[in-house]
Amino acid sequence: MRARGGYEVSSIPLVDLAAQHAAVADEVASGWQQVLARTAFIGGPQVTAFEGEYAEFVGTRHCIGVANGTDAIEIALRALGVGAGDECIVPANSFVATAEAVCRAGATPVLVDCADDGTYLIDAAAVEAAVTPRTRAIIPVHLYGQAAPAERLMPLAEQIGACVVEDAAQSQGARRHGTGAGALGHAAATSFYPGKNLGAYGDAGAVLTGSDQVAARMRIIRDHGSPRKYEHEVVGVNSRLDTLQAVVLSAKLRRLAGWNAARRAAAERYDILLSGLEDVVLPRTLEGNEHVWHLYVVRVPERDRVLKELQAAGIQAGIHYPVPIHLTAAFAGLGVAEGAFPVAERASRELLSLPLFAEITAGQQERVASALKSALR
Ligand SMILES: *Cc1c(COP(=O)(O)O)cnc(C)c1O
């Protein structure tokens, strides 16, 4: 883009996948060559290897690769026996997929507000208030890269005979009180969509659990309900992790801790650059959390105008999420009126995600900060 003075200034993307690719390009090329030579594109040793590596990384017993994160949530719920007539408690401030997967499993999403503490994570008190005799699952979303307080939800779930299914799509590598996000509940789902902290080269996802029985059900459901060839125990889905994606994910997983550390350093730099701005509410890390900064989300007044000014300055900020789930057309049928979730609704009007990726430079962050400051003036 061209600056006012007439010289060229490069724009700053929200995420930059090119540098990540450069780091793994050789490893991916040689791994893909092996897959192509054998023409075995589904399953195989690469998928099994990645599943083992990722389970170890999270610190749980089982990881089962699936086709995407939305399928992963559905498969986790179904493996835990959640289905028709059941209710699942879901935060209103999340990507729509969290609620969508509940419907796909045949259950009904019951939305709740998020906490008004700078984390925008599911509000544990609101979860408790939303429990009914039909509640079978609680789905905390580890939003923006930090874990929701699952330890507050587990005793409640156990008391009412429900399960906790973590939506860990935005939290690869995050920890809460030392336990990996994805190992905090009864089961978890994650997404390896390209822009996530651990991203594939297309769609991919995984389910996680510490239970051998639940894992066995997950394996069957993801592959046409089939434990063995020609045997179909339940009506399942076709949701497998492609071999080519497993190669990419294994290569990137080896570098993920380093990339997450770089994201953390960048978040700390934003904290300093943006400190003392009266109008800006900075993101807060919950006590006990190791945050992996999938997104750096600030709250600003006149967000839409600020976003436009940043865009005009060549800065690709984002919004996560512009419409809370209860106000989307897709979920109008739930009958939840505007005003029901004031924290999530305000968040949808005021949150702004600043560019953040492992390779972002101090200079780029300074440009983001000064553009934000002049937009707020
Ligand atoms: C990305 C994401 C999903 C869905 O993952 P897909 O792989 O795109 O299906 C679900 N929940 C959250 C919170 C996400 O960010």
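Along each chain, residues carry numbers from 1 onward, in the same order as the chain's sequence is written. Reporting of local features is limited, given that this is a predicted model, to residues whose pLDDT is at least 70; pairs of side-chain atoms are given and counted only at 80 or more, and all residues count toward the totals for whole chains, interfaces and linings. The basis for every side-chain value is the complete set of non-hydrogen atoms in the structure, without hydrogens or water.

Enquirer: Now, about the overall build of the protein: what can you tell me, with residues and values included?
Expert: Looking only at helices and strands, the protein has 11 helices and 12 strands in total. Seen along its three principal axes, the alpha-carbon backbone of the protein occupies a region of about 70 × 55 × 35 Å. Exposure categories follow from relative accessible area, calculated using a 1.4 Å probe and restricted to protein chains: below 20% of the type maximum is buried, above 50% is exposed, and the middle band is partly exposed. Put simply, the protein has 377 residues, and 54% of those count as buried. We call two residues in contact when some of their heavy atoms are within 4.5 Å. Within the protein, counting contacts between residues at least 6 apart in sequence, those at least 24 apart form 71% of the total. Helix and strand definitions here come from DSSP, where helices need a minimum of 4 consecutive H or I residues and strands a minimum of 2 consecutive E residues; each element is numbered from the N-terminal end.

Enquirer: Would you mind going over the sheet that holds strand 2 (residues 87-91) in detail, with residue names and values included?
Expert: Sheet architecture is open: seven strands sit in the order 1-9-8-5-4-2-3, paired in mixed fashion. Whereas interior strands pair on both sides, the edge strands pair on one side only; in this sheet they are strand 1 (62-66) and strand 3 (108-112). Looking at each pair of strands side by side, their axes are set apart by 25 degrees on average, direction ignored. Bridge analysis of strand 2 against strand 3 gives five bridges, and the strand direction is parallel. Each bridged residue has a counterpart across the sheet, and for E87 the counterpart in strand 3 is T108. Only the contacting stretch of a helix is used when fitting its axis, a line to C-alpha atoms as for every element, and angles between N-to-C directions run 0 to 180 degrees. In this fold helix 2 (residues 45-58) packs onto strand 1, strand 8 (187-191) and strand 9 (205-209), with an angle of close to 130 degrees to the strand it touches most, strand 1. Here, any two strands with at least 2 DSSP bridges between them count as paired.

Enquirer: Hey, could you go over helix 4 (residues 97-104) for me, with residue numbers and the actual values?
Expert: Those residues of helix 4 not exposed but buried are A97, T98, A99, A101 and V102. For helix 4, the elements touching its buried residues are helix 3 (69-79), strand 2, strand 3 and strand 5 (163-167). Backbone geometry just downstream of helix 4 places G106 in the positive-phi region, at approximately 95 degrees.

Enquirer: Account for the nonpolar core, with residues named and values stated.
Expert: Nonpolar side chains in soluble globular proteins tend to end up buried together. To form a nonpolar core, buried Ala, Val, Leu, Ile, Met, Phe, Trp, Tyr and Cys residues must be joined to one another through side-chain atoms within 4.5 Å. Ranked by internal contacts, the top residues of the largest apolar core, which has 63 residues, are L77, C88, V127, I139, V207 and M218. With six residues, helix 3 is the largest single contributor of residues to this core. Ignoring sequence-local partners within four residues, the contact set of V207 consists of H62, C63, I64, V66, A72, I75, A76, A188 and M218. By size, the runner-up hydrophobic cluster in this structure holds 27 residues, among which are I12, V280, V298 and L356.

Enquirer: Tell me about the pairing of strand 3, and name the residues and values.
Expert: Counted residue by residue, strand 3 has four buried out of five residues, so it is predominantly covered. By definition, the crossover connecting two strands over a helix is right-handed if that path, from the first strand to the second, turns clockwise as seen with the strands pointing away from the viewer. Handedness of the strand 2-helix 4-strand 3 crossover: right-handed.

Enquirer: Describe the site of the ligand, listing the residues and the values that go with them.
Expert: Nearness is judged by heavy atoms alone; a residue qualifies as near a molecule or strand once a single heavy atom is within 4 Å of it. Taken together, 14 residues sit near the ligand, with G69, T70, D167, S191 and K196 positioned nearest. In this structure, an oxygen atom belonging to the ligand sits 2.5 Å away from a side-chain N or O atom of T70. Pairs of N or O atoms are called polar contacts if they sit within 3.5 Å, as long as, within protein, a hydrogen donor faces a hydrogen acceptor (for residues adjacent in sequence, only side-chain-to-side-chain pairs). Here K196 contributes a side-chain N or O atom positioned 2.7 Å from an oxygen atom of the ligand. Under the convention used here, a 1.4 Å probe and the Shrake-Rupley method define accessible areas, while residue burial counts only the protein chains that appear. Taking 380 Å² as the accessible area of the ligand by itself, protein coverage stands at 93%. Contributions of two or more residues to the shell around the ligand are made by helix 3 and helix 4.

Enquirer: Outline the sheet that holds strand 10 (residues 289-290), supporting the account with residue identities and numerical values.
Expert: What the three strands build is an open sheet, ordered 7-6-10; its pairing is antiparallel. Strands at the two margins of the open sheet, each flanked by one partner only, are strand 7 (179-180) and strand 10. Here two bridges tie strand 6 (residues 175-176) to strand 10, and the two strands are oriented antiparallel to one another. Each bridged residue has a counterpart across the sheet, and for R175 the counterpart in strand 10 is E290.

Enquirer: Kindly report on the state of the cysteines, identifying the contributing residues and their values.
Expert: Here, two cysteine sulfur atoms that lie within 2.5 Å of each other are counted as a disulfide. Tallying each qualifying case throughout the model produces zero disulfides. C63 forms no disulfide, and the closest cysteine sulfur to it belongs to C163, at a distance of 19 Å. We note that C163 lacks a disulfide partner, and the nearest cysteine sulfur, in C88, lies 7.5 Å from it.

Enquirer: Give a description of helix 10 (residues 342-350) that names residues and reports values.
Expert: Within the span of helix 10, buried status applies to V343, A344, E345, A347, S348 and E350. Residues of helix 10 that are buried in the fold lie against strand 11 (296-299), helix 9 (303-312) and strand 12 (351-354).

Enquirer: Account for unusual backbone geometry, with residues named and values stated.
Expert: Glycine aside, residues mostly have negative phi, and peptide bonds are mostly found in the trans state. Put simply, H320 and Y321 share a cis peptide bond, and its omega is 15 degrees. Residue placement: Y321 occurs in the loop between helix 9 and helix 10. Located in the positive-phi region is Y230, a residue other than glycine, with phi close to 70 degrees. For Y230, the position within the fold is in the loop between helix 7 (212-222) and helix 8 (243-273). You can call Y230 exposed: its relative accessible area is 72%.

Enquirer: Quick rundown of the packing of helix 3 against helix 4? Include the residues and the values.
Expert: The geometry of a pair of packed helices is captured by two quantities: the angle between their axes and the separation between those axes. Running from N to C, helix 3 and helix 4 cross one another at 45 degrees; their axes reach a closest spacing of 8 Å. Taken together, the axes of helix 3 and helix 4 are oblique relative to one another. As for how helix 3 packs across helix 4, the hand of that crossing is right-handed. Packed against helix 3, whose contacting residues are T70, D71, I73, E74 and L77, the element helix 4 presents A97, T98, E100, A101, V102 and R104 at the interface. Split into classes, the residues belonging to the contact of helix 3 with helix 4 amount to five nonpolar, two polar and four charged. Here the angle decides the label: under 35 degrees means roughly parallel, over 145 means roughly antiparallel, 65 to 115 means roughly perpendicular, and every other value means oblique. A clockwise turn of the near helix away from the far one marks a right-handed crossing, whereas an anticlockwise turn of less than a right angle marks a left-handed crossing. Here the term charged refers only to Asp, Glu, Lys and Arg, the term nonpolar to Ala, Val, Leu, Ile, Met, Phe, Trp, Tyr, Cys and Pro, and the term polar to all other amino acids, Gly among them.

Enquirer: Lay out the packing of aromatic side chains in plain terms, naming residues and giving numbers.
Expert: Only the six-membered ring of Trp is used, alongside the rings of Phe and Tyr, when aromatic pairs are assigned; centres must lie within 6.5 Å, and planes under 30 degrees apart are stacked while those over 60 apart are edge-to-face, with the rest tilted. In this structure the tally under the stated criterion is nine aromatic pairs. Between F50 and F192, the ring centres sit 5.5 Å apart and the planes meet at 80 degrees, which makes this aromatic pair edge-to-face. Highlighted residues: F50 in helix 2 and F192 in the loop between strand 8 and strand 9, separated in sequence by 142 residues. Accessibility classification places F50 together with F192 in one group, the buried group. Relative to Y296, the ring of Y270 has its centre 4.9 Å away and its plane inclined at 40 degrees; by these criteria the two rings are tilted. Here Y270 is found in helix 8, whereas its partner Y296 is found in strand 11, with 26 residues between them in sequence. Put simply, the rings of F50, Y54, F57 and F192 pair up and form one aromatic cluster.

It is worth stressing that arrangement in space is one thing and function is another; only the former is reported here.
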